Amino acid sequence: MIDIRLVRDDAARVQAALGRRGIDAAEVEGLAELDRQVRAAARRRDDLRAEVKALSRQVAEARRAGDDARAAELTGASRAVGEQQAAADREAEVVAEELRSRLLVLPNLPAPDAPDGLGPEDNVVVRTWPEVPPTYGDAQRVPHWEVGAALGILDMERGAKLSGSMFPLYRGMGARLLRALTAFALDHHADAFEEVRPPTLVRTETMQSTGHLPKFVDEAYHLERDDLWAIPTAEVPLTSMLRGDLLEEASLPVRLTAATACFRREAGSAGRDTRGLLRVHEFDKVELFAYSTEAQAPALLGDMVQRAESLLAELGLHYRVLDLCTGDLGLSAARTFDLEVYAPGVDQWLEVSSVSWCTDYQARRASIRYRPTDGGGPVLVHTLNGSALAWARIWAALVETGRRSDGSVVLPEALAPYLGGTTVITPPA
RNA sequence: GGAGGGAUGGCAGAGCGGACGAAUGCACGGCUCUUGAAAAGCCGCGAGACCUCGGUCUCCGUGGGUUCGAAUCCCACUCCCUCCGCCA
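The following paragraphs examine the structure supplied in this document. (Residues numbered from 1 in each chain as written. Chains lettered and ligands numbered in written order. Predicted model: local features only at pLDDT ≥ 70, side-chain atom pairs only at ≥ 80, totals over all residues. Heavy atoms only, no water.)

A closer look at the protein's contact with RNA strand B
Residues in close proximity to RNA strand B total 21 residues, the closest being R8, R39, R49, S78 and R79. Within 4 Å of the protein, the atoms of RNA strand B are drawn from sugar and phosphate moieties in a proportion of 76%. Contacts to RNA strand B include S56, whose backbone N or O atom sits 2.8 Å from a base nitrogen. Within the contact set of RNA strand B, a sugar or linking oxygen lies 3.1 Å away from a side-chain nitrogen or oxygen of R369. Going through the elements one at a time, helix 1 (4-9), helix 3 (25-65), helix 4 (68-104) and strand 12 (369-371) are the ones with two or more residues in the surface near RNA strand B. (Near = heavy atom within 4 Å. Polar contact = N/O pair within 3.5 Å; in protein donor to acceptor, adjacent residues only side chain to side chain. Helix = DSSP H or I, 4+ residues; strand = E, 2+ residues; numbered from the N terminus.)

What about the packing of aromatic side chains?
The full count for this structure, using the stated rule, is six aromatic pairs. Ring geometry for W129 against Y319: centres 5.8 Å apart, planes inclined by 20°, an arrangement best described as stacked. Here W129, found in strand 1 (residues 124-129), pairs with Y319, found in strand 9 (residues 319-323); they are 190 residues apart in sequence, far enough to count as distant. The exposure class of W129 is partly exposed, given its relative accessible area of 35%. For Y319, a relative accessible area of 4% gives the class buried. Between F184 and Y418, the aromatic rings sit 6.2 Å apart at their centres with planes inclined by 70°, giving edge-to-face as the arrangement. Taken as a pair, F184 in helix 7 (residues 173-189) and Y418 in the loop between strand 15 (409-410) and strand 16 (424-425) lie far apart in primary sequence, 234 residues in all. Among the residues examined, F184 registers a relative accessible area of 6% and is labelled buried. The class of Y418 is partly exposed, set by a relative accessible area of 23%. (Phe/Tyr/Trp six-rings, centres within 6.5 Å; stacked < 30°, edge-to-face > 60°. Buried < 20%, exposed > 50% of the residue type's maximum accessible area, 1.4 Å probe, protein only.)

Looking at the side chain of T326
Looking at where T326 falls in the secondary structure, it is placed in the loop between strand 9 and strand 10 (335-343). Of note is the side chain of T326, whose polar atom sits 2.6 Å from the backbone oxygen of R20. If we ignore the near neighbours within four places in the chain, the residues touching T326 are R20, R21, P110, A114, P115, D116 and G117. (Contact = heavy atoms within 4.5 Å.)

Side note on unusual backbone geometry
With omega at -10°, the peptide bond leading from W129 into P130 counts as cis. Geometrically, the link from A388 to L389 is a cis peptide bond, its omega value of 10° lying close to zero. Relative to the helices and strands, L389 is located in strand 14 (residues 382-390). One non-glycine residue, M166, lies in the positive phi region at around 70°. The residue M166 is located in the loop between helix 6 (156-163) and helix 7 in this model. Judged by relative accessible area, M166 falls into the buried class, the value being 9%. Here E266, not a glycine, exhibits a phi torsion of approximately 55°, which is positive.

Quick notes on helix 7
The first and last C-alpha atoms of helix 7 sit 24 Å apart over 17 residues, in line with the 24 Å expected at 1.5 Å per residue. Taken residue by residue, helix 7 has G174, L177, L178, A180, L181, T182, F184, A185, L186 and H189 as its buried positions. On the buried face of helix 7, the contacting elements are strand 2 (194-196), strand 7 (254-263), strand 8 (282-292), helix 10 (297-314), strand 14 and helix 12 (391-401). (Expected span 1.5 Å × (residues − 1).)

Looking at the nonpolar core
Of all hydrophobic cores here, the largest spans 65 residues; its most connected members are L277, L312, V341, I394, W395 and L398. The residues contacting V341, other than those within four sequence positions of it, are L312, L317, H318, Y319, Q348, W349, L350, V352, I394 and A397. Grouped together as the second largest cluster of nonpolar side chains are 23 residues, M1, A17, V38 and A92 included. (Core = buried A, V, L, I, M, F, W, Y, C linked by side-chain atoms within 4.5 Å.)

What to know about the layout of surface pockets
By rolling a water-sized probe across the atoms, one finds the places where empty space is left. For the second largest pocket, the calculated volume is near 400 Å³. Lining the second largest pocket are 20 residues; nearest its centre among them are L6, R13, N108, L109 and T359. Within the lining of the second largest pocket, the residues separate by chemical class into 11 nonpolar, three polar and six charged. Each of domain 1 (4-104) and domain 2 (120-425) contributes no fewer than three residues to the lining of the second largest pocket. (1 Å grid on protein atoms, 1.4 Å probe; cavity = no way out; pocket = protein on both sides within 12 Å on 5 of 7 lines; lining within 4 Å. Points joined across faces, edges and corners; volume = space filled by probe spheres on them. Nonpolar A, V, L, I, M, F, W, Y, C, P; charged D, E, K, R; others polar. Domains from an automatic or database assignment.)

Structural notes on the environment of P168
As for its position among the elements, P168 is in the loop between helix 6 and helix 7. Sequence separation between P168 and W395 is 227 residues, and the spatial gap between their C-alpha atoms is 12 Å. Leaving out residues up to four positions away in the same chain, P168 has contacts with L154, M156, L277, V280 and E282.

Structural data, given as structure tokens:
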């Protein structure tokens, strides 16, 4: 969530910034008004509370002095004020809760240099690689679900038999390819990012820190019996790894990478992209994550985008980088770059990475701070996250891009060490 | 799953109804001594909110309760540790 003091001290600035995301100025004005009520109520409660404490101290003094009559009198007075205080307490709690819940669903302020826009159509393509688009032959114009079925490496039917549609089942070299991609990416980031394997089932508080709850309940799988949530991305456990911690500035940035399964109900997109691997309920992903100071954040954002890009380049995929406009930013993000690969078989650009800078929006919910080396008070960290990369769609793009006229698929040389030396998948005899 | 023990500041750890936001140690910051460093000594040092900048309030795992007054007593929950059982 954003800092309520920003609303209080400079509502105009918040209105301008959130206006770029399509938030009505009246919403911000409403928050400012609520904030005034919260502070007034807290003040009333605190004053009464101070009175109770003062009277209680006098009770103790009277007792020590052996003046029981005086003590009884003060006890009665304190009880009366205590009742008022309890009422003021409840009032203050009600308005504070109202403010908190409104603040919880209010999005982050966009970075000044994020492009303006209302929706996906306004995102800015900042570069495409290779600059001259490759040409594709007829052999590559076959959708990956057909290629996968013909080669026996993707079995959507049996996946559906086990779990329903949009739960892929990979076989043979198809499964091995996923394992290779994960190892390839983790090794790629090992120079600067600590490898982590977090749990994939998490508590409600953990989902709240990232902003995935309460706003996106319908998107997440929930295990009712144990009240645990299946993570939609490793960003969720990684953000909460240091929840509540007070770090030393010298330990920043903390950089983490994790390979996990990701689970998404895709409730809002029923019927769209339902074929093959374009949109699935479960997929594997390697995530990059960083906790940093405000000053370190821009360079880290650039580095994380660069890491995702270099993986795509090494995989020989045709990709483009999008600077997301204010209208398409996620709830927690101030700035986001999406990476899309071109999949010739389905003739579509597929989002395979999203690298975001969340400023202190998530850290405020999760209370993650550092003590500055110059001796000042604790400061909230900035969080950054990005996929590098999400494999289901990469798998699709690789299989379509690598397909040859005899039906076999050639995979990039970079993966050879992870595929037991082979880079060719041939049809079953 | 069963039986016990525990959760207090950045860390360790005392306190178990009244001047306790909390002893002490470590860590950290400043100073003295020293050619410099170490050692020693002195001083300072939790976090958050509000604010008339003097103060007020909140926070001792979480949520309830008892009380004039709760870190301290009661109840529930969560987590951690030890032992037993089960298990990849």
